[in-house]
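Report on the structure
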Amino acid sequence: PTRSLQFLRNSSSEYNNDACSLQAKVRLRIIVVGAGLGGLACAIALARRGHTITVLEQANQLGEVGAGIQIPPNSSRLLHSWGLQPFLKSAVVEPDGMTFRRWLDGKVIGYTKLVPQFRENFHAPYYVIHRAHFHDALYRKALELGVQVKVASRVEKYDIEAPSVELASGDILKADLIVAADGVKSVARKFVLGGNDIPPERTGFAAYRATVDAAKIKDDPEISWLLEKPSVNIWIGEDRHVMTYTIAAGESFNMVLSHVDTSDPATWKPEKALKDMQDYFTGWDPRLTKIIAMIDKTIKWPLLSGKSLPRWVTPSSKVLIMGDAAHAMVPYMSQGAAMAVEDGAALATVLSLIDTAEDIPAALMAFETVRMKRSGQMQAASLLNGKLWHFPDGPEQILRDESMKAEVEGRSF
Ligand code: FAD
């Protein structure tokens, strides 16, 4: 630990900004397991530094499930510095502001101006984007950097000493380092933890995801104002909230409808999801329920949060987990994928600072120390928003709304 902390002290300025083009002195053959947003981001970060990267994905086809995703500036700054801008440019929407609205009537209770404040304060934009477009941008950049992506390659077993992976086909692939970004149902996590998995747990929150054709909203004067300027609007109320923004160059209206649901997801009936969702929001702002009524299909997701893990890196320092496999979180800070992007940047940075392969364990320990702390804070903050946004009308809700008022006063809506 002393060596790893010393290492961090020496490298802290480098860690904070991945814009440098520092090439790794120790070039490694690295397998990244999982071609989700996290795995591809990590592959890009590592390939930029001169490592040879193979990504193994279990699915037969690459892609992303769900519709929209927010890319906050801590993530967009890294993506820009990695040269993703040309791939993202035509796909992203940059919302003007984020507005919190009262559940009953949509009255504004809080507002955060994003443009130009976020570019000025954080030197990077706040984006929203269709997940498929984000994934495609990462994939194309990875290919440009020479990353090899193999589909239909499910990893079944890890040899944490070799290190190597065994695929479902029986093939064994060896590398110098294996990075598993294999999501909440991670196979790697059990191997990293020495046999006893500690999977993410249900939080009692669930979310419906859906999109509405923006043209339908544009045609209705009662709700068309939602599209006048690209913006994020969040209606908040007891045990529920609805997050909305436009994606796909403004053509699609993305909605995440969250609510408290402690029942077992195994008992959920997909065919009832649409009706249940509409019932949950009965009595809310009529302009919102009008849009909810336009939804013709939806999927309900249980929202999980990862538990604090004793380690992310094997004692052999040859296999590690990152992204949702290591730190799943509820999406109430819009930071799950952003944390995976940061993981990739941090890993690439610590590995680029070592002079010999002997220093890999110190580098990985530094990675683990920094990333566990940062993502742990984000997991906690995300759960906290799940409380703050869901107060029933009453003293806590009044106090919350009062505290948000300063941001609203003096603005016209
Ligand atoms: P995954 O996306 O789960 O990818 C894992 C990949 O590994 C998959 O492709 C899978 O097929 C593959 N895989 C799994 N096992 C194996 C195996 N054994 N062998 C080979 N391949 C394997 N985050 C944000 O930053 N902003 C947001 O606005 C946001 N909104 C969200 C809204 C909702 C409703 C939800 C549920 C999440 C949201 N998130 C958001 C979180 C974000 O979606 C995740 O944190 C992110 O997608 C995790 O990426 P990952 O690559 O770690 O895992």
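Since this is a predicted model, take the numbers as computed values, not measurements.

Quick look at the pattern of salt bridges
Following the criterion strictly, the structure yields 23 salt bridges and no others. With a closest N to O distance of 3.6 Å, Lys229 and Asp96 form a salt bridge. Of this pair, Lys229 sits in the loop between helix H8 (214-218) and strand S13 (232-237) while Asp96 sits in the loop between helix H4 (85-88) and strand S4 (97-102), and the two are 133 residues apart along the sequence. Residue classification places Asp96 among the buried positions, given a relative accessible area of 16%. Close ionic contact of Glu144 with Lys141 constitutes a salt bridge, the shortest N to O distance being 2.7 Å. Within this pair, Glu144 and its partner Lys141 are both found in helix H6 (residues 131-144), separated by 3 residues, close to a single helical turn. A residue is classified by how much of its surface remains accessible, and Lys141, at 8% relative accessible area, is buried. A single network of salt bridges, built from pairs that share partners, joins Glu342, Asp343, Arg371 and Arg374.

What to know about the site of the ligand
In the vicinity of the ligand there are 30 residues, among which Gly38, Glu57, Gln70, Arg131 and Asp324 approach most closely. At 3.1 Å from a nitrogen atom of the ligand is found a main-chain nitrogen or oxygen belonging to Gln58. Ala338 places a main-chain nitrogen or oxygen 3.0 Å from an oxygen atom of the ligand. Taken together, the elements giving at least two residues each to the shell around the ligand come down to helix H2 (37-48), strand S3 (68-71) and helix H12 (336-352). Among the residues making up the shell around the ligand, the classes are represented as 11 nonpolar, 12 polar and 7 charged.

So, the sheet that holds strand S8 (residues 155-159)
The pairing of strands in a sheet happens through backbone hydrogen bonds and is either parallel or antiparallel. On the basis of which strands lie adjacent, the open sheet formed by 3 strands has the order S8-S9-S10 and antiparallel pairing. Edge strands, defined here as strands with exactly one partner in the open sheet, are S8 and strand S10 (172-174). Pairwise comparison of adjacent strand axes, ignoring direction, gives a mean angle of 25° for this sheet. As paired strands, S8 and strand S9 (residues 164-167) are joined by 4 bridges and run antiparallel to one another. Paired with Lys157 across the two strands is Glu166, which belongs to S9.

Concerning the packing of helix H3 (residues 73-81) against H12
For the pair H3 and H12, interaxial distance at closest approach is 9 Å and the crossing angle is 45°. When the axes of H3 and H12 are compared, the pair comes out oblique. Like other packed secondary-structure pairs, H3 and H12 cross with a definite hand, here left-handed. Of H12, the residues touching H3 (which contributes Asn74, Ser75, Leu78 and Leu79) are Ala338, Met339, Val341, Glu342 and Ala345. A per-class count over the contact of H3 with H12 returns 6 nonpolar, 2 polar and 1 charged.

Topic: the confidence of the model for the protein chain
When pLDDT drops low, the exact placement of atoms in the prediction is not to be read closely. Model confidence for the protein chain is summarised by a mean pLDDT of 93, while 94% of its residues fall at 70 or above. Confidence drops under a pLDDT of 50 for residues 12-17, and excluding neighbours within four residues, the segment shows 10 contacts in the predicted structure. For this predicted complex, the interface confidence comes out at an ipTM of 0.99, alongside a pTM of 0.94.

Describing the pairing of strand S11 (residues 177-180)
With burial as the criterion, each face of S11 is covered, one bearing Leu177 and Val179 and the other bearing Ile178 and Ala180. The pairing of strand S1 (residues 29-33) with S11 spans 4 bridges and is parallel. Looking at S11, one finds that Val33 is bridged to Ala180. Sheet topology places S11 next to strand S17 (residues 319-321); 3 bridges connect them, and they run parallel.

A short note on unusual backbone geometry
For the peptide bond that leads from Val115 to Pro116, omega is 5°, which places it in the cis range. Among the structural elements, Pro116 can be located in the loop between strand S5 (108-113) and helix H5 (117-122). A cis amide bond, omega -15°, links Ala162 with the succeeding residue Pro163. Tracing the backbone shows Pro163 in the loop between S8 and S9. The residue Ala152 is not glycine, and still its phi comes out positive at about 50°. Tracing the chain through its elements places Ala152 in the loop between strand S7 (148-150) and S8. The backbone of Ala249 shows a phi angle near 55°, a positive value even though the residue is not glycine.

Description of the packing of H2 against H12
Where H2 contacts H12, the axes come no closer than 8 Å and their chain directions differ by 25°. Here H12 runs roughly parallel to H2, going by the angle between their axes. Between H2 and H12 the crossing geometry is right-handed. The residues of H12 that touch H2, namely those facing Leu37, Gly38, Ala41, Cys42, Ala45 and Leu46, are Ala337, Ala340, Val341, Gly344, Ala345, Leu347, Ala348 and Leu351. Looking at the contact of H2 with H12 residue by residue, the classes come out as 12 nonpolar, 2 polar and no charged.

Conventions adopted
Residues numbered from 1 in each chain as written. Predicted model: local features only at pLDDT ≥ 70, side-chain atom pairs only at ≥ 80, totals over all residues. Heavy atoms only, no water. Salt bridge = Lys/Arg side-chain N within 4 Å of Asp/Glu carboxyl O. Helix = DSSP H or I, 4+ residues; strand = E, 2+ residues; numbered from the N terminus. Buried < 20%, exposed > 50% of the residue type's maximum accessible area, 1.4 Å probe, protein only. Near = heavy atom within 4 Å. Polar contact = N/O pair within 3.5 Å; in protein donor to acceptor, adjacent residues only side chain to side chain. Nonpolar A, V, L, I, M, F, W, Y, C, P; charged D, E, K, R; others polar. Pairing = 2+ DSSP bridges. Axes fitted to C-alpha atoms, helices over the stretch in contact; angles between N-to-C directions. Parallel < 35°, antiparallel > 145°, perpendicular 65-115°, else oblique. Left-handed = near helix turned anticlockwise from the far one by under 90°. Contact = heavy atoms within 4.5 Å. pLDDT = per-residue confidence, 0-100.

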